[in-house]
Amino acid sequence: MEDVKNMSIATKAIHGGVSKEKGYGSLSMPIYQTSTFVFETAEQGGRRFAGEEEGYIYSRLGNPTISLLEEKIALLEGAEACVAFSSGMGAISSTLWTIAAAGKHIIADSTLYGCTFALLNHGMTRYGVEVSFIDTSDLDQVKNALKDNTCAVYLESPANPTLKIEDIAEVAKIAHDFNKDIKVVVDNTFATPVLQKPLELGADVVVHSATKYLNGHGDVIAGFACGTAEFMAEMRLFGLKDMTGAVLGPQEAFLIMRGLKTLALRVPKHVENAKKIVEYLVSEPKVKKVYYPGLEDHPGHDIAAKQMADFGGMVAFEVESREAGAALCNALELCTCAVSLGDAETLIEHPASMTHSPYTAEELAEAGIPEGLIRLAVGLEEADELIADFKQAFAKI
Ligand code: 3LM
């Protein structure tokens, strides 16, 4: 359905991609639960391996259920192509291993999801890749960090867990003016394509933890990378096939397609609830500071207003101490103490000891993540009931 390209996110998420399934005319794409595909003849198998004939070979290289999902995600991100992975980390590591090599240099923001930080700080560097951690919201730092061997600039916006905002268009312009071959990679997990389109802003690659809003139901681990058809072919044939093998399962692909049908309904409700909770948290005397890009005093507010359709469903706030944060989490009854985000359930966690535990105390300070920071992934419950839960919990601590 070629003209879906010009339609809304809601329609793309439901109708995007061409189903090659003609068998029994099922409405939803069947789950092709198979590892391998049968060749009619040995010659046909040879032609498929040689790329002379279209058709599936083996599910690490492609699978009809997963292909349809990849087409949908590419449409949502406005990308030429997409590759699915078995986790967000699978997508991120496959992307970085496809771009980088020993002797190359990566510039990364210092505020990242903890395991992405660990991959860059401890993983890539073991294999001769140099990594500079900077604050990419300071454009002078971006300019000064660029080197002749820089191959990638990596950032999240809004960043996990502080909701720091990076100016994606400006960072991409600076990097590409210096060297057009530098790949600007943006993790769009917190925003989703409903709120932000990094490729339209000038990024080269978008990565996702689809475990979060894209699936939306807390029952799948998955990831995506999106970009040009040429680079995604390299990602599939090298990053995914050889370097990581982090292939998505067809059952997970089916569940994500099911979740995607309501993405355009869910995200605005997450945002609406987040705004109501932020309003309450700002007035709560036991909260020292609220981190939300929708607040006018947030340092990235103007850039977020420019590059995002709305400010998202993630909120962070600071309480007096780590102990006060733990007491709050333990006192909440409706909000659930768990990592992850983008689910129907409101999830609360303590970054310094959980999602960002790969950071040392010094690295946390450098990344602007205080000990008393609490991260809230606002869910789809009734906002007033969530606020009532916070009120009773704060009263107890
Ligand atoms: C979390 N984050 O609670 P998977 N990029 C971003 C992420 O937030 C994440 C990934 C990539 C969380 C997971 S912590 C053990 C739980 C911005 C994951 C990695 O590999 O699908 O988990 O995605 O912040």
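Before reading on, note that the structure itself is shown above.
Draft legend 1. How the structure looks around the overall build of the protein chain. Tallying secondary structure elements over the protein chain gives 15 helices and 12 strands in all. For the protein chain, whose C-alpha radius of gyration is 21 Å, the value lies close to the compact-globule estimate of 21 Å for 397 residues. Principal axes of the C-alpha set define a box for the protein chain whose edges measure 75 × 50 × 35 Å. Expressed as a percentage of its 397 residues, the buried residues of the protein chain come to 54%. Within the protein chain, residue pairs in contact and separated by at least 24 positions form 73% of the contacts whose partners lie at least 6 positions apart.

Draft legend 2. View of helix H3 (residues 64–77). Compared with the 20 Å implied by 1.5 Å per residue over 14 residues, the 20 Å span of H3 between its first and last C-alpha is a close match. With 13 of 14 residues buried, H3 lies mostly within the body of the structure. You can read the cap of H3 off the contacts: a side-chain oxygen lies 2.9 Å from the backbone nitrogen of Thr65, and it is on Asn63.

Draft legend 3. Region of interest: the pairing of strand S5 (residues 183–187). With respect to burial, S5 is a largely interior element, 4 of its 5 residues being buried. Both strand S4 (residues 150–156) and S5 contribute to a ladder of 5 bridges, which runs parallel. Residue Ala152 lies in a different strand from S5, and its bridge partner there is Lys183. The parallel pair S4 and S5, bridged by helix H7 (residues 168–178), forms a crossover whose chirality is right-handed. Taken together, the 3 bridges between S5 and strand S6 (residues 205–209) define a ladder with parallel strand orientation. Along S6, the bridge assignment pairs Val186 with Val206.

Draft legend 4. Focus on the site of the ligand. Around the ligand lies a shell of 18 residues, among which Asp187, Thr211, Lys212, Ser340 and Arg375 are the nearest. The contact in question runs from an oxygen atom of the ligand to an N or O atom on the side chain of Asn160, over 2.9 Å. Take Lys212: an N or O atom from its side chain is 3.0 Å from a nitrogen atom of the ligand. Burial of the ligand by the protein amounts to 86% of the accessible area it has alone, namely 550 Å². Across the shell around the ligand, the residue classes break down as 6 nonpolar, 8 polar and 4 charged. The two domains that each donate at least three residues to the shell around the ligand are domain 1 (2–260) and domain 2 (264–396).

Draft legend 5. Geometry of the side chain of Thr65. Relative to the elements of secondary structure, Thr65 occurs in helix H3. Judged by relative accessible area, Thr65 falls into the buried class, the value being 0%. Among residues more than four places away in sequence, those in contact with Thr65 are Met29, Pro30, Ile31, Tyr32, Pro250, Ala253, Phe254 and Met257.

Draft legend 6. Structural detail: the packing of aromatic side chains. Under the defined criterion, the tally for this structure stands at 9 aromatic pairs. Judged by centre distance (5.4 Å) and plane angle (35°), the rings of Phe37 and Tyr56 are tilted. Of this pair, Phe37 sits in the loop between helix H1 (9–15) and helix H2 (42–49) while Tyr56 sits in the loop between H2 and H3, and the two are 19 residues apart along the sequence. By relative accessible area, which is 15% here, Phe37 ends up buried. On the accessibility criterion, Tyr56 (23% relative accessible area) is partly exposed. A ring pair is formed by Phe317 and Phe390, whose centres lie 6.2 Å apart and whose planes are at 80°; its orientation type is edge-to-face.

Draft legend 7. The nonpolar core, seen in detail. Of all hydrophobic cores here, the largest spans 106 residues; its most connected members are Ile106, Met124, Phe317 and Phe390. Looking at this core, you find at least three residues from each of domain 1 (2–260) and domain 2 (264–396).

Draft legend 8. Layout of the sheet that holds strand S3 (residues 130–134). The 7 strands are arranged S1-S7-S6-S5-S4-S2-S3 in an open sheet whose pairing can be described as mixed. Each of the sheet's edge strands pairs with one partner strand only, and the pair in question is strand S1 (81–85) and S3. Each neighbouring strand pair of the sheet contributes to a mean axis angle of 20°, computed without reference to strand direction. Sitting on the sheet, helix H4 (residues 88–99) touches S1, strand S2 (105–109), S4, S5, S6 and strand S7 (223–227), and the angle it makes with S6 is about 155°. Lying on the sheet, helix H5 (residues 114–123) is in contact with S2, S3 and S4; it crosses S3 at an angle near 135°.

Draft legend 9. Seen up close, the pattern of salt bridges. Scanning all chains against the criterion turns up 19 salt bridges. Arg322 is paired through a salt bridge with Glu371; the nearest N and O atoms lie 3.3 Å apart. Residue Arg322 is located in helix H13 (residues 322–331), and its partner Glu371 is located in the loop between helix H14 (361–366) and strand S12 (373–377); the two are separated by 49 residues in the primary sequence. Judged by its relative accessible area of 35%, Arg322 falls in the partly exposed class. Judged by relative accessible area, Glu371 falls into the partly exposed class, the value being 40%. What you see here is one network of salt bridges that share partners, running through Asp109, Asp135, Lys164 and Glu166.

Draft legend 10. Region of the structure containing the state of the cysteines. Across all of its chains, the model carries 0 disulfides by this definition. A disulfide-free cysteine, Cys226 has its sulfur positioned 4.0 Å from the sulfur of Cys82, the nearest such atom. Overall, the relative accessible area of 0% leaves Cys226 in the buried class.

Draft legend 11. Structural view of the packing of H3 against helix H10 (residues 250–260). In the contact formed by H3 and H10, the axes pass within 9 Å of each other and the chain directions differ by 40°. One finds that H3 runs oblique with respect to H10. Between H3 and H10 lies a crossing whose hand is left-handed. Residues Thr65, Ile66, Leu68, Leu69, Lys72, Ile73 and Leu76 of H3 form the contact with H10, whose own contacting residues are Pro250, Ala253, Phe254, Ile256, Met257 and Leu260. Its residues assigned to classes, the contact of H3 with H10 shows 11 nonpolar, 1 polar and 1 charged.

Conventions and cut-offs
- Residues numbered from 1 in each chain as written.
- Predicted model: local features only at pLDDT ≥ 70, side-chain atom pairs only at ≥ 80, totals over all residues.
- Heavy atoms only, no water.
- Helix = DSSP H or I, 4+ residues; strand = E, 2+ residues; numbered from the N terminus.
- Rg over C-alpha atoms; globule rule 2.2 N^0.38 Å.
- Buried < 20%, exposed > 50% of the residue type's maximum accessible area, 1.4 Å probe, protein only.
- Contact = heavy atoms within 4.5 Å.
- Expected span 1.5 Å × (residues − 1).
- Polar contact = N/O pair within 3.5 Å; in protein donor to acceptor, adjacent residues only side chain to side chain.
- Pairing = 2+ DSSP bridges.
- Right-handed = clockwise from strand over helix to strand, strands pointing away.
- Near = heavy atom within 4 Å.
- Areas by Shrake-Rupley, 256 points an atom, 1.4 Å probe, with all protein chains shown as cover.
- Nonpolar A, V, L, I, M, F, W, Y, C, P; charged D, E, K, R; others polar.
- Domains from an automatic or database assignment.
- Phe/Tyr/Trp six-rings, centres within 6.5 Å; stacked < 30°, edge-to-face > 60°.
- Core = buried A, V, L, I, M, F, W, Y, C linked by side-chain atoms within 4.5 Å.
- Axes fitted to C-alpha atoms, helices over the stretch in contact; angles between N-to-C directions.
- Salt bridge = Lys/Arg side-chain N within 4 Å of Asp/Glu carboxyl O.
- Disulfide = S-S within 2.5 Å.
- Parallel < 35°, antiparallel > 145°, perpendicular 65-115°, else oblique.
- Left-handed = near helix turned anticlockwise from the far one by under 90°.

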